[in-house]
Amino acid sequence: MTTLTTGVGSSVRDLSAIVKAYDIRGVVGEQLDEAVVRDIGAAFADLVGGTEVVVGHDMRDSSPALAAAFGDGVTSRGVDVVSIGLASTDMLYFASGRLHCPGAMFTASHNPACYNGIKLCRAGAAPVGQDSGLDAIREAVERGVAPGPGGGGVTERDMLDDYAGFLRSLVDVTGIRPLRMVVDAGNGMAGHTVPAVFEGLPVDLVPLFFELDGTFPNHEANPLDPANLVDLQQAVRDRGADIGLAFDGDADRCFVVDERGEPVTPSAIAALVATRALAAEPGGTVIYNLITSRAVPEIVAEAGGKPVRTRVGHSFIKQTMAETGAIFGGEHSAHYYFRDFWWADSGMLASLHVLAALGSQQQPCSELMARYRRYAASGEINSTVGDQQGRMDAVRSHFAARDGARVDELDGLTVELPGACWFNLRPSNTESLLRLNVEGRSHADVDGLRDEVLALVRHQPPGEQER
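The paragraphs below set out a description of the structure included in this document. In this text the structure is predicted, and so the values were computed from the model without any measurement.

### Observations concerning unusual backbone geometry
Keep in mind that most residues, glycine aside, have a negative phi and that most peptide bonds are trans.
Inference 1: One non-glycine residue with positive phi stands out, namely A251, at about 60°.
Inference 2: Position of A251 among the secondary structure elements: in the loop between β12 (243-247) and β13 (254-257).
Inference 3: With phi around 75°, A334 is a residue other than glycine that occupies positive phi space.
Inference 4: Tracing the backbone through its elements, the reader meets A334 in the loop between β17 (328-330) and β18 (336-338).
Inference 5: You can call A334 buried: its relative accessible area is 0%.

### Observations concerning the nonpolar core
The nonpolar side chains of a soluble globular protein tend to be buried, and buried together.
Inference 1: In terms of nonpolar packing, the biggest core is built from 93 residues, with F198, I243, F247, F328, F341 and M369 touching the most fellow members.
Inference 2: The contacts of I243, once residues within four sequence positions are left out, are R180, M181, V182, V236, V256, V257, V354, L355, L358 and C365.
Inference 3: In this structure, F44, V79, I118 and V128 belong to the second largest nonpolar core, which totals 32 residues.

### Some remarks on helix α2 (residues 63-75)
Inference 1: The end-to-end C-alpha distance of α2, which contains 13 residues, comes to 18 Å, matching closely the 18 Å that a straight helix rising 1.5 Å per residue would cover.
Inference 2: Residues of α2 that are buried: S63, L66, A67, A69, F70, G71, G73, V74 and T75.
Inference 3: On the buried face of α2, the contacting elements are α1 (34-48), β4 (52-57), β5 (80-86), β6 (103-106), β7 (115-122) and β9 (154-156).

### A word on the side chain of R450
Inference 1: Tracing the chain through its elements places R450 in helix α14 (residues 443-458).
Inference 2: Judged by relative accessible area, which is 8%, R450 ranks as buried.
Inference 3: A distance of 3.0 Å separates the side chain of R450 from the side chain of D451, its partner in a polar contact.

### What about the sheet that holds β17?
Inference 1: The strand order across the open sheet formed by five strands is β16-β15-β17-β18-β19, and the pairing between neighbours is mixed. A single partner strand is all that each edge strand has here, and the edge strands are β16 (306-310) and β19 (344-345).
Inference 2: As defined by bridge partners, β17 adjoins β18 across three bridges and the pair is classed as antiparallel. By the bridge assignment, G330 is partnered in β18 with Y336.
Inference 3: Here helix α10 (residues 314-324) sits on the sheet and contacts β15 (285-289), β16, β17, β18 and β19; the angle it forms with β15, its principal contact strand, is near 160°.

### Quick look at the layout of surface pockets
Inference 1: Space inside the second largest pocket adds up to approximately 290 Å³.
Inference 2: Surrounding the second largest pocket, 13 residues form its lining, L170, A277, A280, D340 and H353 being those nearest its centre.
Inference 3: Elements with a contribution of two residues or more to the lining of the second largest pocket: α8 (266-280) and α11 (347-359).
Inference 4: The element contributing the most residues to the lining of the second largest pocket is α8, with four residues.
Inference 5: Of the residues belonging to the lining of the second largest pocket, the class tally is eight nonpolar, one polar and four charged.

### Observations concerning the sheet that holds β13
Inference 1: Pairing within the open sheet is mixed, and its five strands lie in the order β11-β10-β12-β13-β14. The outermost strands of the open sheet, each flanked by one partner alone, are β11 (203-208) and β14 (263-264).
Inference 2: Bridging between strand β10 (residues 179-184) and β11 involves six bridges; their strand directions are parallel. Opposite V183, over in β11, you have P207 as the bridge partner.
Inference 3: The sheet contacts of helix α7 (residues 230-239) involve β10, β11, β12, β13 and β14, and relative to β10 the element is tilted by about 160°.

### A look at the environment of P307
Inference 1: By secondary structure assignment, the location of P307 is in strand β16.
Inference 2: Judged by its relative accessible area of 29%, P307 falls in the partly exposed class.
Inference 3: For the pair formed by P307 and G329, sequence separation is 22 residues and the distance between their alpha carbons is 9.5 Å.
Inference 4: Sequence-distant contacts of P307, defined by excluding residues within four places in its chain, comprise V286, Y288, P297, V300 and A301.

### Some thoughts on the pattern of salt bridges
Inference 1: Counted according to the given criterion, the structure contains 26 salt bridges.
Inference 2: One network of salt bridges, in which partners are shared, links D135, R138, E139 and E142.

### Side note on empty space enclosed by the protein
Inference 1: Summed over all chains, the structure comprises two cavities of 30 Å³ or more.
Inference 2: The computed volume of the largest cavity comes to approximately 40 Å³.
Inference 3: Residue lining of the largest cavity: Y22, Y93, K119, L120, C121, P127, V128, H314 and K318, and that is the complete set.
Inference 4: Listed by contribution, the elements that provide at least two residues to the lining of the largest cavity are β7 and α10.
Inference 5: Broken down by element, the lining of the largest cavity gets its largest block of residues, three residues, from β7.
Inference 6: Among the residues making up the lining of the largest cavity, the classes are represented as six nonpolar, one polar and two charged.
Inference 7: Computed from the structure, the second largest cavity encloses a volume of approximately 30 Å³.
Inference 8: If you go around the second largest cavity, the residues you meet are D184, H219, E220, N222, P223, N228, A246 and F247.
Inference 9: When grouped by side-chain class, the residues that make up the lining of the second largest cavity number three nonpolar, three polar and two charged.

Reading the values: the criteria
- Residues numbered from 1 in each chain as written.
- Predicted model: local features only at pLDDT ≥ 70, side-chain atom pairs only at ≥ 80, totals over all residues.
- Heavy atoms only, no water.
- Helix = DSSP H or I, 4+ residues; strand = E, 2+ residues; numbered from the N terminus.
- Buried < 20%, exposed > 50% of the residue type's maximum accessible area, 1.4 Å probe, protein only.
- Core = buried A, V, L, I, M, F, W, Y, C linked by side-chain atoms within 4.5 Å.
- Contact = heavy atoms within 4.5 Å.
- Expected span 1.5 Å × (residues − 1).
- Polar contact = N/O pair within 3.5 Å; in protein donor to acceptor, adjacent residues only side chain to side chain.
- Pairing = 2+ DSSP bridges.
- Axes fitted to C-alpha atoms, helices over the stretch in contact; angles between N-to-C directions.
- 1 Å grid on protein atoms, 1.4 Å probe; cavity = no way out; pocket = protein on both sides within 12 Å on 5 of 7 lines; lining within 4 Å.
- Points joined across faces, edges and corners; volume = space filled by probe spheres on them.
- Nonpolar A, V, L, I, M, F, W, Y, C, P; charged D, E, K, R; others polar.
- Salt bridge = Lys/Arg side-chain N within 4 Å of Asp/Glu carboxyl O.

In structure tokens:
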């Protein structure tokens, strides 16, 4: 690994392996340490300017020290730090919006305990991605960060109650029927924020794994993996709960299971929240990414809204929301974005909308959510390939010749076929993977199209694909 020497004498690694599309993330001690983070803090302060930067961190063992080192870099530029301590990522966005200053959140979300990272934003929770500042920070650190004038100070500020109160001001759940709710925090930051947000509401809260523990002793804090929902599903059934919620490590994504313990797709949650947003503001614009279920734009249009399609990735969602003045945006990955939350994402705010919808009527969660499910889906299927472009070209050529097929390349390759079947095939930004999502009227349609695409991607005959 390449090392450089900065003007302040610290060892700085080549950051190309840890600067991702939307954040900085790597193995602590090997790719990310206090010296590197201190220089990143200084470069970030130079990039965003201003007089203050707000800094929060998750429950990982390495997070407090890394956050403090980042603060040292910021204060070395004469910029003050507002430290909010333990926080979820959406709580950091709240602080950035409320204080109108840039922010840094130390977390590696759902990654294993040996990882950590930094999510950065400008004032008002505006995203910082590779094209909007991360590459500039990487280049500055690798060139070497010169000593700064110093003079910045650090103040500590507890914003948990303000955050919880603000979320409750956006969604009125005080009049709902009493609900029993199981929440699996996965030993992540939801264990810190959920009690504050739901305090005083007519909810019988059953906590699972609320102890903050960055070693994740019970299961990974990654609800996208069905294996990590098993405990929640069992607890919902055992306790006769009305609903279950699962959060990832930094608690910015929320996943729902119904009263039967069955997972609810994030697309259905997006459609539900969109209809609520449109009821409050008829005719509004709603953003959805191109691998979200087609039910979302259909339901948005039926509710009188304007659906707008965008690429996968939060920077694209946020940018399009700002450009269009959208009231809400949803992604297949359970990121939900709100105009009234500085166009930032908050799984906690989405969960309040779901509780408000469930508690304002008498149907169980499964029947309520059935209104927003129209299609069968494959889920995301990853294939390791050596020649991403070659396989993409083969799939494109194969389907472009089919009668009635519509092909677009907004993000990877999307093919729509007669009969409401479609698929998207996208290359990973960081690995030699192609990611496939398929949707159709029936599971049989989805399975057939999935196998046809994977046969081209993996050079395997249809019927021999990995499920």
